[in-house]
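# Results of the structural survey
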Amino acid sequence: MARKISPAKTAFWTVIGWAAGFVVFFPILWMFLTGFKTELEAYSTPPKFLFFEWTTENYQTILHQRDYLHYALNSVIIAGGSTLLALIIAVPSAWGMAFSPTRRTKDLLMWMLSTKMMPAVGVLVPMYLIFIWLHLLDTHIGIIVLLCLANLPIVIWMLFTYFKEIPKDILEAARMDGATTWKEIVFVLTPMAIPGIASTVLLNVILAWNEAFWTLNVTTIDSAPLTQFIASFSAPQGNFWAKLSAASTLAIAPIVILGWFGQKQLVRGLTFGAVK
Amino acid sequence: MATKRSQSIGRIAVAPSVVLLFVWMIVPLALTLYFSTQRYNLLYPERSGFIGFTNYTYFVTNPAFATAIVNTLVLVGSVLVITVLLGTLLALLLDQPIFGQGIVRLMVIAPFFIMPTVSALVWKNLLMNPVSGFFAWIAKSFGFAPIDWFAQAPMLSVILIVAWEWTPFATLIIFTALQSLDLEQKEAAEMDGAGAFSFFSWIVLPHLARPITVVIMIETIFLLSVFAEIRVTTDGGPGQATTNLAYLVFQQAILNSNVGAASAGGIVAVILANIVAFFLVRVVGKNLDA
């Protein structure tokens, strides 16, 4: 039975809730608006909220002169590539642990989690040197493998928690009906596993897209993703607020939208299944 | 029941990931340990050799190191306090009857999806600039002198940016936990005449203890390596004011090419993280019925 909530109470919390939401969201809103201003108006005091001359000039400049597309393509390649690679390694692994667990499975999972606990900075030096030796600096393959390994524990964990929820009885039923192992996998298990795999992909793409330790350290131009592109605006001579805002809006839009859809899965993945 | 055959298939399926993670963890860590005992500067490759703990003594007696440790602890500690407090408040707020709750929730969690370089530069320029920034305008409208954030309070500025990025994470997780507090419990407490305060302190808070612990530990792991926000705003300065351990190692390794000293710093960071990880693995492990 739903409890009755007085309209006054709802009105009160609605005002407070929207005010708090607005404050937290304001920097993003402000960036979005600034992207449509001229550079001059971007700096104006008092600031202009909605009544300025809206222009798409910054977006045109970014798209045409600044090689934005090169960096965006790299972001897609890196986020997509590292996710795909991680899946290829993680799906069988999580599968094996969920469906034929051994006495050591739990320890194995905890050990995998512990590899994620190693701070990136602890291995920056050797990774940097290995990249120099193997000529991997500023290559796509280098950063893809690096991000794949960095996120692999989270991917395995998340897949494991999903696979574990697939009822095992269904397998026996299929076996009784004479299904072979391959038929089991293709017709019975895969359809049940797809939602979990989709959520995992979502989380990993978000993490890889926004990763800004390795991408800033081992990529420079050829394989540099959007994190590097935005960082180039930090140079004092590059202080163009309107262009920075337009570029930032473009860089975050796909991920913010993906993230909004995948909130629940995010909680599960980021807490290693400890909070659902 | 798992058969012998399915078990061996399972082992084969698990093997590649185990090998890869093992290599990924052991090889770099062993190299870091090895380099940390070597005189090794990329600029002077001919001067190399075993020097024992000299890098550690160099790194640890370097005044920059003490500053970096203090800065790291201040940054991690402050961000944790702010995000957990604000996150709990926001989660409790979202749990109230709000018209358009879904949209408010989206606005609150949005900062978490913003890439660090964007957050840092938008805050530094659009909001915190002492002349044309939004905060300066607010200060001026109330008759105060605008603060030159990155000159007067560089560490506070970095803390604010990082806290803004991580508050949504805390909110999202605590909110998820709040929602699993079932309605019947709430109703039972109301029937028993529990006031709002005692309900909160006897039922809600204990229920939140676990998610808050998880938030603290996971954030600590990530906050120990805060890098991009510092890189694009202060470059560790002014002076050493915002140099944390991660940034110091980066400076030693990539700017000074001093592999030995940077490795020693890396090992120190690993030890710090391990102390946290030790507790995290326990908390998560308790919840795992593999």
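Numbering of residues starts from 1 in every chain and runs along the sequence as written. For this description, chains carry letters from A and ligands carry numbers from 1, given in the order in which they are written. The predicted nature of this model means local features are confined to residues of pLDDT at least 70 and side-chain atom pairs, given and counted, to a pLDDT of 80 or more, with totals for whole chains, interfaces and linings taken over all residues.

Numbering of helices and strands starts at the N terminus; helices are DSSP runs of H or I of at least 4 residues and strands are runs of E of at least 2. Counting its secondary structure elements, chain A contains 13 helices and 0 strands. Listing each helix as α and each strand as β along chain A from the N terminus yields α-α-α-α-α-α-α-α-α-α-α-α-α. Whereas a compact globule of 276 residues would reach a radius of gyration of roughly 19 Å, chain A reaches 23 Å, over 25% beyond that. Taken over the C-alpha atoms alone, chain A extends approximately 75 × 70 × 35 Å along its principal axes. By the burial criterion, 45% of the 276 residues in chain A qualify as buried. In this description the radius of gyration comes from C-alpha coordinates, and the expected globular size is given by 2.2 Å times residues to the power 0.38. Burial is judged by counting other C-beta atoms within 10 Å of a residue's own C-beta: 20 or more means buried, 12 or fewer means exposed, and anything between counts as partly exposed, with every C-beta placed from the backbone.

Bringing the overall build of chain B into the picture now. Along its length, chain B carries 13 helices and 2 strands. Here the C-alpha radius of gyration of chain B, 24 Å, is well above what a compact globule of 290 residues would show, namely 19 Å. Considering only C-alpha atoms, chain B reaches an extent of 80 × 75 × 30 Å along its principal axes. Going through the 290 residues of chain B one by one, you find that 44% of them count as buried. What counts as a contact here is a pair of residues whose C-beta atoms, placed from the backbone, lie within 7 Å. Within chain B, residue pairs in contact and separated by at least 24 positions form 68% of the contacts whose partners lie at least 6 positions apart.

All names here are of chain B. Here Glu187 shows up in helix α9 (residues 183–191). Overall, the presence of 12 C-beta atoms within 10 Å leaves Glu187 in the exposed class. Put simply, Glu187 and Val108 are 79 residues apart on the chain and 28 Å apart in space, counted from C-alpha to C-alpha.

On to the nonpolar core. Within the largest apolar cluster, 157 residues are counted, with the highest numbers of intra-cluster contacts made by Ala94(A), Leu124(A), Leu159(A), Ile230(A) and Val249(B). Looking at which element gives the most residues to this core, the answer is helix α7 (residues 140–164) of chain A, with 17 residues. Discounting residues that sit within four places of it in the chain, Leu124(A) has contacts with Asn217(A), Val249(B), Phe250(B), Ala253(B) and Gly266(B). A set of buried Ala, Val, Leu, Ile, Met, Phe, Trp, Tyr and Cys residues, joined through C-beta atoms within 7 Å, is what we mean by a nonpolar core.

A few words on the confidence of the model for chain A. Considering every residue of chain A, the mean pLDDT works out to 83; 95% of them sit at 70 or more. For chain A, the element scoring lowest by mean pLDDT is helix α13 (residues 263–270) of chain A, at 72; helix α1 (residues 7–34) of chain A scores highest, at 91. pLDDT is a residue-level measure of predictor confidence that goes from 0 to 100.

Attention now goes to helix α6 (residues 124–133) of chain A. Within α6(A) the residues assigned to the buried category are Leu124(A), Val125(A), Pro126(A), Met127(A) and Tyr128(A). Positive backbone phi, at 55°, marks His135(A), one or two positions downstream of α6(A).

The next point concerns the interface of chain A and chain B. At the junction of the two partners, chain A supplies 91 residues and chain B supplies 87 residues. The biggest single contributor to the side of chain A that touches chain B is α1(A), with 17 residues.

This next bit is on the environment of Ser234(A). Here Ser234(A) lies in the loop between α11 (226–231) and α12 (241–261). Since 19 C-beta atoms lie within 10 Å of it, Ser234(A) is described here as partly exposed. A sequence separation of 10 residues divides Ser234(A) from Leu244(A), and the C-alpha atoms of the two residues are 9.3 Å apart. In this view, Ser234(A) contacts Leu121(B) and Val232(B); residues no more than four positions away in its chain are not counted.

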